[in-house]
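# Coordinates in review
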There are 6 protein chains.
Amino acid sequence: MVKQKYLDKAEVLIEALPYIQRFNRKIIVVKYGGSAMVDEELKKSVIQDVVLLKLVGFKPIIVHGGGKEISRWVNKVGKEPKFVNGLRVTDAETMELAEMVLGKVNKELVSLVESLGVKAVGLSGKDGGLLKVEKKFSDGQDIGFVGNVTEVNPKILSDLLEKDFLPIVCPIGMDSEYAAYNINADDAACAIAKAMHAEKLAFLTDIEGVYKDPKDPESLISKLFVKEAKELISNGNVGGGMIPKLQNCIDAIEEGVSRVHILDGRIKHCLLLEIFTDKGIGTAILRKEAIQHYDVQ
Amino acid sequence: MVKQKYLDKAEVLIEALPYIQRFNRKIIVVKYGGSAMVDEELKKSVIQDVVLLKLVGFKPIIVHGGGKEISRWVNKVGKEPKFVNGLRVTDAETMELAEMVLGKVNKELVSLVESLGVKAVGLSGKDGGLLKVEKKFSDGQDIGFVGNVTEVNPKILSDLLEKDFLPIVCPIGMDSEYAAYNINADDAACAIAKAMHAEKLAFLTDIEGVYKDPKDPESLISKLFVKEAKELISNGNVGGGMIPKLQNCIDAIEEGVSRVHILDGRIKHCLLLEIFTDKGIGTAILRKEAIQHYDVQ
Amino acid sequence: MVKQKYLDKAEVLIEALPYIQRFNRKIIVVKYGGSAMVDEELKKSVIQDVVLLKLVGFKPIIVHGGGKEISRWVNKVGKEPKFVNGLRVTDAETMELAEMVLGKVNKELVSLVESLGVKAVGLSGKDGGLLKVEKKFSDGQDIGFVGNVTEVNPKILSDLLEKDFLPIVCPIGMDSEYAAYNINADDAACAIAKAMHAEKLAFLTDIEGVYKDPKDPESLISKLFVKEAKELISNGNVGGGMIPKLQNCIDAIEEGVSRVHILDGRIKHCLLLEIFTDKGIGTAILRKEAIQHYDVQ
Amino acid sequence: MVKQKYLDKAEVLIEALPYIQRFNRKIIVVKYGGSAMVDEELKKSVIQDVVLLKLVGFKPIIVHGGGKEISRWVNKVGKEPKFVNGLRVTDAETMELAEMVLGKVNKELVSLVESLGVKAVGLSGKDGGLLKVEKKFSDGQDIGFVGNVTEVNPKILSDLLEKDFLPIVCPIGMDSEYAAYNINADDAACAIAKAMHAEKLAFLTDIEGVYKDPKDPESLISKLFVKEAKELISNGNVGGGMIPKLQNCIDAIEEGVSRVHILDGRIKHCLLLEIFTDKGIGTAILRKEAIQHYDVQ
Amino acid sequence: MVKQKYLDKAEVLIEALPYIQRFNRKIIVVKYGGSAMVDEELKKSVIQDVVLLKLVGFKPIIVHGGGKEISRWVNKVGKEPKFVNGLRVTDAETMELAEMVLGKVNKELVSLVESLGVKAVGLSGKDGGLLKVEKKFSDGQDIGFVGNVTEVNPKILSDLLEKDFLPIVCPIGMDSEYAAYNINADDAACAIAKAMHAEKLAFLTDIEGVYKDPKDPESLISKLFVKEAKELISNGNVGGGMIPKLQNCIDAIEEGVSRVHILDGRIKHCLLLEIFTDKGIGTAILRKEAIQHYDVQ
Amino acid sequence: MVKQKYLDKAEVLIEALPYIQRFNRKIIVVKYGGSAMVDEELKKSVIQDVVLLKLVGFKPIIVHGGGKEISRWVNKVGKEPKFVNGLRVTDAETMELAEMVLGKVNKELVSLVESLGVKAVGLSGKDGGLLKVEKKFSDGQDIGFVGNVTEVNPKILSDLLEKDFLPIVCPIGMDSEYAAYNINADDAACAIAKAMHAEKLAFLTDIEGVYKDPKDPESLISKLFVKEAKELISNGNVGGGMIPKLQNCIDAIEEGVSRVHILDGRIKHCLLLEIFTDKGIGTAILRKEAIQHYDVQ
């Protein structure tokens, strides 16, 4: 006799069918950061999710940060991390360290993916001239080697996808003089999603999603249309840290990404839950007209 | 809070990972017949299984029979089905009916697959000269248009797989004069699996598998090496109907198919259970040296 | 000494040169029906013609009917064929039979083509989702599973042509619920010719062509411009059966098919005669401006 | 009523079917020379034949000579043509003239082919390094710039065939110092047929074929096996001019060309007659075992 | 110790870097004529230059004339060369000779290129229907087979470039009756550069370039914008022979060629000097807005 | 007048012709290390050389070390570098630092190459599973995360070369548990050259080459055959540091690399000098029979 638990397993796989079809060969950019990068179990679950998406026919691209680890190393060499308006002040020495740390994190993710049987390639925005930047100022103040993305050259990404690799990108870019710059990982993910015409852009964060009222945990928003997102910002209903993230979401949608998700990276397998269950989790930002099209039922 | 049932679902998908990797882009020939073709719910579960295999990167080919339905139609036009040694005596009129009925069943399967979002193409062995036959005799007795496969021209199958279609084949062939012949569906599936260098050949049957002692239901064999299978036949330990099936399994393995499965088609999702769980179900026939290679753990 | 008859043969081949060049790699849809499907010698001559066209570089697609054979089988199972306004009333049982009969005819044509050395693939409109339909009513009356083509998905046809197969299509389609429907073969041929941007659409019929005056056999029209065809219909100068056929011709031309032919399928090799002789036979329907372009002389 | 003459035409085309299939996509090298290059009507008929072969799917390559025209120009500039053992004594000035004349003839053939709607490219053995030669001596005597083919670099030919051009080659080669040499056109055709693995090599000559007894016009040989051809030479049964030609035929067959033909170029459409009629004309040289395979009936 | 001369060599190669990058995979049409075709050393230096351009990634096409050599042969066969307004009066016999001479020159260039290790193919405008012409009149006077290019069919050129050959073209064309015509080599080069969307068109001439004042050797113009070139013509500041050349330059620029050069073919390696040194030589004609873009420094 | 210096430049380029042809589309692995990685001017000259090789049609791959920089960082975080038999004792913390430093150096080289207009991609041996290792012991002593290459998976390299990128590899590998290991850069370069069937492998070192007698600077060896190299080792005529390097050279040659070079990286443009001058520099190790083939003169 076949045990019930096996039959249940088969049913779960069958239920995934319409979701697999929906995103077949579509590009999904995953911004990987926050707690999900620190907790070893969460880290493994994120990588498993992405590897599964790859194997069932999606084309995922990971863009990751490394903030906490950079600070740890800045301390280690005897410096004090400094921030202005939430942006790291990045002198030449800090930039050197940042590039080293991000590179290390990048290759660690590569080996994690490879250990699950998928070939990955770790890139920085220097490789293939992927990310070009210009110096960013914070309220007119020079904060060193911090850059805004001005140009994405996605050939290396599409070449690697065509050759069946999973690209993993760390947010370093070059300016017109080929000097290295640190980029905010959310910005890098957003720029890459737009340049690659991604179907989906998912931010793994340390919050549950967007709230109508940040003080009311019951007010989590499941679906947010671009128009509403803009109102939230202009009404002052979202907190400081959320504003640039929401702005990235709006940008991505307006330049052709079909759906952007703000997910709670503290939940195991949050990516799979978002994609393979009809309820979804976190907050989805989308264009008005896109609703019908994206619901399977 | 995310409900436990969703987390469980995610775990099931993650558990499927190594199995999906194992067969990625591999060809799997499914001989579809027996109860699984009659019961509507089983029929749907088989087709769902095959569609899922297709979507997660396998290359399935369905080969189906239609015995019971042919008999029903022979009766309908006022004839009596006749058999010699288990082979249908196939006069010209019966052959015409057999081709009509198999064609109907074939296109029904096509629409079932298409309704699940995968493009299918229904073929008989005439299309692209797929199956060439010679007349088969039963102990020297002429039983009409019943053929043995003498040649497989698999170009149409590989072309359709390349173009991302799911081929569904009914067991009709042509002799050197281009006359139509009925072929035993197991034989057709076996011939196609060999010609396509399939990784796996799965027979959906109405039995649980192969038994050491046909009278002892506890003696079901999980893994059977070619050498053992040959002994079972020569020792007279398997019943009449099982002998040609086992012989087909042995042939397939000896000509390069890596694994052959005799599955119980009366169990829902038996294909998924066989592929995506580590215990497997039914009887697997394999070469001695293949064991290590095919076990994931 | 070389005999004159051989020299004459060579001359005939040489005369075919400009016609072969004219249609090189062009798609020709042949609606095959009427007497040419019943008479064995005519049947062979049609298939020979199509095979020759294939071999000298054309890309033919056959669309066939099977009306008389369906009626024969309806009788055989003890039912009475019923028609409303020339359309077969198609209940579920009749539909099942129709699909079986058309499938049988389809594969017979496949083996005929293959016996002449060309690889063919028999399709119904279900394969690859080729023909999507909606239920058709006859003056508001429900006549069962009779469909109007609403969508053509020609990928399977272009894939097979690319891989050098000759596609043979029977006029069965699926509605949005994936139920099977009977389609008028003329309509199916017309829809396919339009979707494939065919150069030529040829109807094999049981008449000599279109007459100025149906009662005057001397009034056969060789070339008919779309404008004139529309006048013939509005003037009531063509008989009932001819109106939908002419309407199909007009539709095809207006959606980009360059030339439509109504040929007398009772004449052996009528297809070759139309294509390889400068006089042509039957009636050609064409756009005004196309004349110059299509005449070789 | 369709006139009988049209029906006869259709029959001729249908009769060509098996022959077209037999050589589909096969390479045929035509050595073009003799009267067929001088008589304008014959010239046109040869080119029509080759163009027809191209259009119905063969891949012809023309190799031509130009002997008479070279002599005419040698005279024109006030020199006397000189021959040793049938080979033109080719001093530097004669070589320059020969290259000019062959080039002119070459491009004339190109325009003739193009006027029939097929794209041609005229080459000498210099282009793409097609023909490499070494100096040839006649019984030890220096006869100037006359070369033996030592190496064929067929890339330019296969590239042009792939791009659907008809290559026309004149027999000029280069030695290791890149100096121009005249090559016997039969030798060049033979070398190219071997390097291109041609299915067929046809020599257009000014004789009817090979005779058992050169004095008995009734003794024309239709089929000659390599073994017999060698005997004819060793028995001294063939005349002087025929020996090198037969030797070329034997060489070609032994290095993989399937059939070599010696045709009477004075008969209009001799190429078509050879290929499209079951009797054939002239003498076919073939390997013993090839008979069955090449006869259609 | 490494000698200074070797280090100097390395520096020269390094200095070529930005120039090689600038034209990588770009098409350069070289009109080859004048003294550079007569002097053996200059001839070799031109061919070396073109071969080097090919090897470092450019896609050169040579178009050559042969005026002096044609006249030499017209004399040789006892005729007197005749010119009207600088155009050769070309009767049928002269045309035949012209085609022969140009063909000979063409294949000589082919062997020169091949001797340097690059595969070349010599074409006339007949090959692949490359150059179509109409009869040209000189002030209404019939001057025989002299043609104006009316159509360029560049497929043969792009096919050969794709297959890595270096095409060498002589200026012969065909009219609508497929008769041969002589074309001015400058016109042919200009027509080909336009049809191939060449990056650069370089005329090798027997002058140093364009002068502001033809009488003042100090007034050589380095860069000439289209507007200025038109003024030079309308002001009557350039001599007779220069007007059609300048007009060709203007045409080429206005139809998309980025830069046209008038180079002094009497200087060894003038092509390399123009391309690989920042000063350049001769006169460059260019669109106003192109300046910035084409300067490396 | 064109200045002599320009003419000289042109001559240098022309002289490079045969060398460019010799290595066209051939793979060259450059082991980059030693002084050439420290001195800024040398660094720039190496990168210029490699970029030039890329642009003129070679397919270079850079493999680099980073020893001195790693030691600098080990000190920086307050540790003492430790070596056993010349191998760095690599505990977990040192390994983490080594990966960070090599990653930084790797991406610096990427931006240097990109600044010269060529697209580069920086890899470690983790990317695409490029370098698999097993733990290496030094005379049985555990020295931590130091690995021997056991397997090269070169797909990522050939994919990047196909897509026209220049790969730059740092010598980090993974063991079967996907842990990171340090690899000797010479070993990594040698393993990659063998797996890629490189034409050439060049080691940039801090010595002039191999000496017959290490104490006699006049005894520098220009060409060394494998047999002689083995004798040098067995005779004890080469010093300690040279033995593993020579052994790598011998291995590479014996597994199919055509030529290995030990170059003095302290000489500017040593790579160009070796490739583009007939004398060459440093020591070339080669198979006996390869001499003729590789010399241009």
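Note that the structure is a prediction, hence the values are computed from the model and not measured. (Residues numbered from 1 in each chain as written. Chains lettered and ligands numbered in written order. Predicted model: local features only at pLDDT ≥ 70, side-chain atom pairs only at ≥ 80, totals over all residues. Heavy atoms only, no water.)

## Let's talk about the interface of chain E and chain F
- Contact with chain E, which involves 35 residues of that partner, is made by 35 residues of chain F.
- Of the roughly 3200 Å² buried between chain E and chain F on both sides combined, carbon and sulfur atoms contribute 72%.
- When residues of chain E are sorted by the area they lose upon contact with chain F, Leu 13, Ile 14 and Leu 55 of chain E head the list and together hold 19% of the total.
- Summed over the shared surface of chain E and chain F, the number is six salt bridges.
- Across the pair Lys 9 of chain F and Glu 15 of chain E runs a salt bridge, and its minimum N-O distance is 2.5 Å.
- Remark: the boundary between chain E and chain F carries eleven residue pairs in polar contact (both at pLDDT 80 or more).
- Within the residue set of the side of chain E that touches chain F, elements represented by two or more residues are helix 1 (4-23), helix 2 (40-55) and helix 9 (270-276) of chain E.
- The dominant element in the side of chain E that touches chain F, judged by the number of residues it contributes, is helix 1 of chain E, at 13 residues.
- Here the side of chain E that touches chain F is composed, by residue class, of 21 nonpolar, six polar and eight charged. (Contact = heavy atoms within 4.5 Å. Buried area = accessible area lost by both parts, 1.4 Å probe. Salt bridge = Lys/Arg side-chain N within 4 Å of Asp/Glu carboxyl O. Polar contact = N/O pair within 3.5 Å; in protein donor to acceptor, adjacent residues only side chain to side chain. Helix = DSSP H or I, 4+ residues; strand = E, 2+ residues; numbered from the N terminus. Nonpolar A, V, L, I, M, F, W, Y, C, P; charged D, E, K, R; others polar.)

## So, the pairing of strand 11 (residues 200-205) of chain F
Residues and elements named next belong to chain F.
- Most of strand 11 is tucked away: six of the six residues are buried.
- Burial along strand 11 is two-sided: the residues Lys 200, Ala 202 and Leu 204 and Leu 201, Phe 203 and Thr 205 are all buried.
- The sheet contact formed by strand 1 (residues 27-32) and strand 11 spans four bridges and is parallel. When the bridges of strand 11 are listed, Ile 28 appears paired with Lys 200. (Buried < 20%, exposed > 50% of the residue type's maximum accessible area, 1.4 Å probe, protein only. Pairing = 2+ DSSP bridges.)

## Notes on the relation of the copies chain A and chain F
- Least-squares fitting of chain A to chain F yields an RMSD of 0.0 Å, with the superposition described by an axial translation of 0.0 Å and a rotation of 180°. The superposition of one copy onto the other is thereby described by a two-fold rotation axis. When C-alpha distances to the rotation axis are compared across chain A, the minimum falls at Met 100 of chain A, with a value of 2.3 Å.
- Of the residues that chain A buries at the interface, 100% are likewise interface residues in chain F, meaning the two copies contact each other through the same surface. (Least-squares fit on C-alpha atoms with pLDDT ≥ 70 in both.)

## A few points about the sheet that holds strand 13 (residues 259-264) of chain A
Residues and elements named next belong to chain A.
- On the basis of which strands lie adjacent, the open sheet formed by eight strands has the order 5-8-2-1-11-13-14-12 and mixed pairing. The outermost strands of the open sheet, each flanked by one partner alone, are strand 5 (120-124) and strand 12 (223-225). The mean angle between the axes of side-by-side strands here comes to 20°, regardless of whether they run parallel or antiparallel.
- Of the strand pairs in this sheet, strand 13 and strand 14 (residues 283-286) are connected by four bridges, and their pairing is antiparallel. (Axes fitted to C-alpha atoms, helices over the stretch in contact; angles between N-to-C directions.)

## As for the interface of chain A and chain F
- Listed by partner, the interface residues are 38 residues for chain A and 38 residues for chain F.
- Together chain A and chain F conceal approximately 3200 Å² of surface at their shared face, both sides included; 62% is due to carbon and sulfur atoms.
- There are twelve salt bridges connecting chain A and chain F.
- The salt bridge involving Asp 159 of chain A is made with Lys 163 of chain F; its shortest N-O contact spans 3.9 Å.
- Counting across the interface, chain A meets chain F through 19 residue pairs in polar contact (both at pLDDT 80 or more).
- Secondary structure elements with two or more residues in the side of chain A that touches chain F: helix 3 (67-76), helix 4 (92-115), strand 5 and helix 5 (155-162) of chain A.
- With 13 residues, the top contributor of residues to the side of chain A that touches chain F is helix 4 of chain A.

## Notes on the UniProt feature "binding site: substrate" (unreviewed entry) in chain A
Residue and element names in this part refer to chain A.
- The sites that UniProt annotates as "binding site: substrate" (unreviewed entry) are Gly 66, Gly 67, Arg 88 and Asn 182. Over a stretch of 117 residues, the named residues converge on one spot in the fold, their C-alpha atoms separated by at most 12.1 Å.
- Relative to the elements of secondary structure, Arg 88 occurs in strand 4 (residues 87-88).
- On the basis of relative accessibility, which here comes to 10%, the residue Arg 88 falls in the buried class.
- Excluding residues within four positions of it along the chain, Arg 88 makes contact with Gly 67, Ile 70, Ser 71, Val 74, Pro 81, Lys 82, Phe 83, Thr 94, Ile 143 and Val 146.
- A distance of 3.1 Å separates the side chain of Arg 88 from the side chain of Ser 71, its partner in a polar contact.
- Tracing the sequence through the fold places Asn 182 in strand 10 (residues 180-182).
- By relative accessible area, which is 11% here, Asn 182 ends up buried.
- With residues up to four places along the chain from it excluded, the contact list for Asn 182 reads Thr 90, Met 95, Ala 98, Leu 102, Phe 145, Val 146, Gly 147, Pro 171 and Ile 172. (UniProt positions renumbered as here; feature names shortened; annotations may be inferred.)

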